[in-house]
Amino acid sequence: MNDRLSIVIVEADRDRALALVDALRAAGDHDIHVIGDTSGLARRIADRNPDVVLIDVANPSRDTLEELTLASAPLDRPVAIFAGGSDMALTKAAIEAGVSAYVVDELRPERVAPVLVAAIARFNLFRRLRDELSETRRALEERKVIDRAKGLLMKARGLDEDAAYALLRKTAMDKGRKVSDVAQALVTAADLLS
């Protein structure tokens with residue numbers, strides 16, 4: 001782990017927090033900040049805007065996990081939780097909330113760096129998948145609008161599908177706009193007129 005990371009550690013126990021800090025410092029030169037009191041956690045994490053959040057929870061409850069995961073914004077950054085114990089429902093809830101790594105059992109310093117690397121890699125993978133899914137949904141919506149606009153042109157002008165698309169494409173090029181934008185304008189206008 002060579003890149004300098006900004007890391008927030010959420011840990012109330014001073015000795016455990018120091019063990020995490022030492023393990024992280026041994027793994028690289030990182031900007032590390034410890035938050036011992038979880039009141040106002042969301043604001044305090046947002047103020048720091050860290051690259052990664054590490055949370056150490058001795059005995060997590062569902063409410064504690066929900067509060068910690070919401071406060072640490074697991075969809076915005078990698079979040080790793082070290083839990084003293086857990087059941088399957090809590091682990092599942094944490095992962096579904098977007099936590100990148102959920103480690104159960106005793107916190108050992110030699111495990112911190114590998115878990116951090118895994119959490120970052122998993123977060124990046126899922127972010128790419130979310131981005132691809134979002135792009136695919138956007139493209140599908142654009143395709144639907146273009147198909148609807150082609151249908152409107154085919155009906156109004158008696159064109160076949162290829163000619164309707166060619167007209168949309170030519171209009172887009174003439175106006176310096178995307179085909180989907182021209183199609184959306186046509187569909188909007190048709191909705192207003194009907």
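Below: a short report on this structure.

1. Observations regarding the overall build of the protein chain
Counting its secondary structure elements, the protein chain contains seven helices and five strands. Shown N-terminal to C-terminal, the secondary structure of the protein chain runs as helices and strands in the order β-α-β-α-β-α-β-α-β-α-α-α. In terms of overall dimensions, the protein chain is more spread out than a globule: its C-alpha atoms have a radius of gyration of 25 Å, far above the 16 Å expected for 194 residues. Taken along its principal axes, the extent of the C-alpha atoms in the protein chain is 75 × 35 × 25 Å. Here the protein chain holds 194 residues, and the buried ones make up 35% of them. Counted over contacts in the protein chain with a minimum sequence separation of 6, partners at least 24 positions apart contribute 61%. Split by element, the accessible area of the protein chain, about 11,500 Å² in all, is 52% carbon and sulfur.

2. A few points about the sheet that holds strand β3 (residues 52-57)
If you trace the five strands from one edge of the open sheet to the other, you get β2-β1-β3-β4-β5, paired in parallel fashion. Pairing within the sheet leaves two strands with one partner each, and these edge strands are β2 (31-35) and β5 (101-104). Strand-to-strand twist of the sheet, defined as the mean angle between neighbouring strand axes without regard to direction, takes the value 15°. Docked against the sheet, helix α2 (residues 41-48) engages β1 (6-10), β2 and β3, running at close to 165° with respect to β1.

3. Observations regarding unusual backbone geometry
Backbone geometry places N49, a non-glycine residue, at a positive phi of 45°. With respect to the helices and strands, N49 occurs in the loop between α2 and β3. Residue classification places N49 among the exposed residues on the basis of a relative accessible area of 52%.

Rules behind the numbers
Residues numbered from 1 in each chain as written. Predicted model: local features only at pLDDT ≥ 70, side-chain atom pairs only at ≥ 80, totals over all residues. Heavy atoms only, no water. Helix = DSSP H or I, 4+ residues; strand = E, 2+ residues; numbered from the N terminus. Rg over C-alpha atoms; globule rule 2.2 N^0.38 Å. Buried < 20%, exposed > 50% of the residue type's maximum accessible area, 1.4 Å probe, protein only. Contact = heavy atoms within 4.5 Å. Areas by Shrake-Rupley, 256 points an atom, 1.4 Å probe, with all protein chains shown as cover. Pairing = 2+ DSSP bridges. Axes fitted to C-alpha atoms, helices over the stretch in contact; angles between N-to-C directions.

Keep in mind that these numbers describe shape and distance, not what the molecule does.
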